[in-house]
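# Architecture and fold: a report
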Amino acid sequence: MCAIEVSPVISTERLVLRGPVRSDAADIGRLANDFNVAGMTCDLPHPYDAGEAEAFCERAMAQDWRREARFAIEHRSFGVVGVLGLTTGANGRPQLGYWLGRPFWNRGYATEAVRGALKWVKRDWRRNLVEAGHFADNPASGQVLCKAGFLYTGDVALKDSRARGAKVPTRMMVWLA
Ligand SMILES: CC(C)(COP(=O)(O)OP(=O)(O)OC[C@H]1O[C@@H](n2cnc3c(N)ncnc32)[C@H](O)[C@@H]1OP(=O)(O)O)[C@@H](O)C(=O)NCCC(=O)NCCS
């Protein structure tokens, strides 16, 4: 039996995390087309054009929720503010990534989204370990992960940043349910 058959929805105090749909592409494309956002992620290219956002939404709509869970982060008043994704890494373990559009930084949204996602991971996705990493020059993300309960493993990996076109030292972290 398939454990997760429909697109899950995670509700927090101010946010709803739900499967991306085609009509999210305009917001996602506008917010992600910012080097300050893309340059702190591994996967986002810069510039990030409308076609990239549409392709992201199409892929997310077809995702197998048992293996990957990409959510649009929607604020109850402001609409889509970012994206959070759980994917399966080459090592078979869940990997967490996220970004928020710059107008929405420093209001606690990322911490709220990650905490909500981790509750879902434990209760519904039934995983008890999640890995994450943040670029060494991105302490805000480290703070988000620490507040959500991640611990530093002590490993520093060199990870590709598509937007920077370079490998960036990345501080690895782990969360255990
Ligand atoms: C990193 C990011 C997700 C944080 O989102 P956010 O909603 O602003 O995060 P929160 O408000 O929940 O928490 C941010 C924390 O970082 C702290 N912070 C912000 N800038 C900081 C800095 N330069 N140095 C240290 N801490 C910093 C804030 O004070 C806050 O901590 P506090 O609540 O203990 O005061 C957002 O900046 C972002 O999307 N950046 C670009 C993409 C990215 O970095 N993605 C993550 C890749 S690992």
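The coordinates are above.
Here the structure is a predicted model, which is why all the values come from computation and not from measurement. Each chain has its residues counted from 1, running along the sequence as written. Thresholds applied to this predicted model are a pLDDT of at least 70 for local features of residues and 80 or more for the giving and counting of side-chain atom pairs; totals over whole chains, interfaces and linings are not thresholded and use all residues. The basis for every side-chain value is the complete set of heavy atoms in the structure, and neither hydrogens nor water enter the calculation.

### Remarks on the pattern of salt bridges
The cut-off we apply is this: The working definition used for a salt bridge is a side-chain nitrogen of Lys or Arg within 4 Å of a carboxyl oxygen of Asp or Glu. A run of H or I in DSSP counts as a helix once it spans at least four residues, and a run of E counts as a strand once it spans at least two, with each numbered from the N terminus. For every residue, the accessible area obtained with a 1.4 Å probe (protein chains only) is divided by the maximum for its type, and the residue is called buried under 20%, exposed over 50%, and partly exposed between those limits.
Evaluated as defined, the whole model comprises 12 salt bridges. R93 is the salt-bridge partner of E131, the closest N and O atoms lying 2.8 Å from each other. Residue E131 is located in strand 6 (residues 129-135), and its partner R93 is located in the loop between strand 4 (79-88) and strand 5 (94-100); the two are separated by 38 residues in the primary sequence. Owing to a relative accessible area of 12%, E131 belongs among the buried residues under this scheme. Judged by its relative accessible area of 40%, R93 falls in the partly exposed class. The closest approach of N and O atoms between D124 and R123, which form a salt bridge, is 3.0 Å. Judged by relative accessible area, R123 falls into the exposed class, the value being 56%.

### Regarding helix 3 (residues 50-61)
Cut-off, in case you're wondering: Here the expected span of a helix is defined as 1.5 Å times the quantity of residues minus one. Note that the arc is computed from the directions linking the helix axis to the C-beta atoms. Any N or O atom pair separated by 3.5 Å or less is treated as a polar contact, with the protein-specific requirement of one donor-capable and one acceptor-capable atom, and with residues adjacent in sequence counted only for side-chain atom pairs.
With 12 residues, helix 3 extends 17 Å between its outermost C-alpha atoms, agreeing within 8% with the 16 Å of an ideal straight helix rising 1.5 Å per residue. Those residues of helix 3 that fall on the buried side of the exposure criterion are A53, F56, C57 and A60. Down the axis of helix 3, the sector holding all buried residues measures 95°, keeping them to one side. Capping the start of helix 3, D49 holds a side-chain oxygen 3.1 Å from the backbone nitrogen of G51, two or three residues further along.

### Remarks on the nonpolar core
Basically, it comes down to this: In this description, a nonpolar core means a group of buried Ala, Val, Leu, Ile, Met, Phe, Trp, Tyr and Cys residues linked to one another through side-chain atoms lying within 4.5 Å. Only heavy atoms enter the contact rule, under which two residues are in contact if any of them lie within 4.5 Å.
If you look at the biggest cluster of nonpolar residues, it comprises 46 residues, and the most contacted ones within it are L17, I28, L84, L86, L96, V114 and F150. Considering every element that reaches this core, the biggest residue donor is helix 4 (residues 109-123), with eight residues. Once residues lying within four places of it in the same chain are set aside, the contact partners of L84 are L17, A69, R70, F71, I73, L96, G97, Y98, A113, V114 and A117.

### Thoughts on the site of the ligand
Counted only if it meets this: Throughout, the term near means that a residue has one or more heavy atoms lying within 4 Å of the molecule or strand in question. Per-residue accessibility takes into account occlusion by the displayed protein chains alone, with areas from the Shrake-Rupley method and a 1.4 Å probe. For this classification, the nonpolar set comprises Ala, Val, Leu, Ile, Met, Phe, Trp, Tyr, Cys and Pro, the charged set comprises Asp, Glu, Lys and Arg, and every other residue, Gly included, is treated as polar.
Contacts to the ligand come from 22 residues, most closely from N106, G108, T111, N138 and K147. Y98 places a polar main-chain atom, nitrogen or oxygen, 2.8 Å from a nitrogen atom of the ligand. Residue T111 places a side-chain N or O atom 2.5 Å away from an oxygen atom belonging to the ligand. Taking 960 Å² as the accessible area of the ligand by itself, protein coverage stands at 73%. When contributions to the shell around the ligand are tallied by element, the ones reaching two or more residues are helix 2 (35-38), strand 5, helix 4, strand 6 and helix 5 (139-147). The residue makeup of the shell around the ligand, split by class, is 11 nonpolar, nine polar and two charged.

### Comments concerning helix 4
Taking 1.5 Å of rise per residue, the 15 residues of helix 4 would be expected to cover 21 Å, and the 21 Å separating its terminal C-alpha atoms lies within 8% of that figure. Counting buried positions along helix 4 gives 11 out of 15 residues, so the element sits mostly inside the fold. Those residues of helix 4 not exposed but buried are Y109, A110, T111, E112, A113, V114, G116, A117, L118, W120 and V121.

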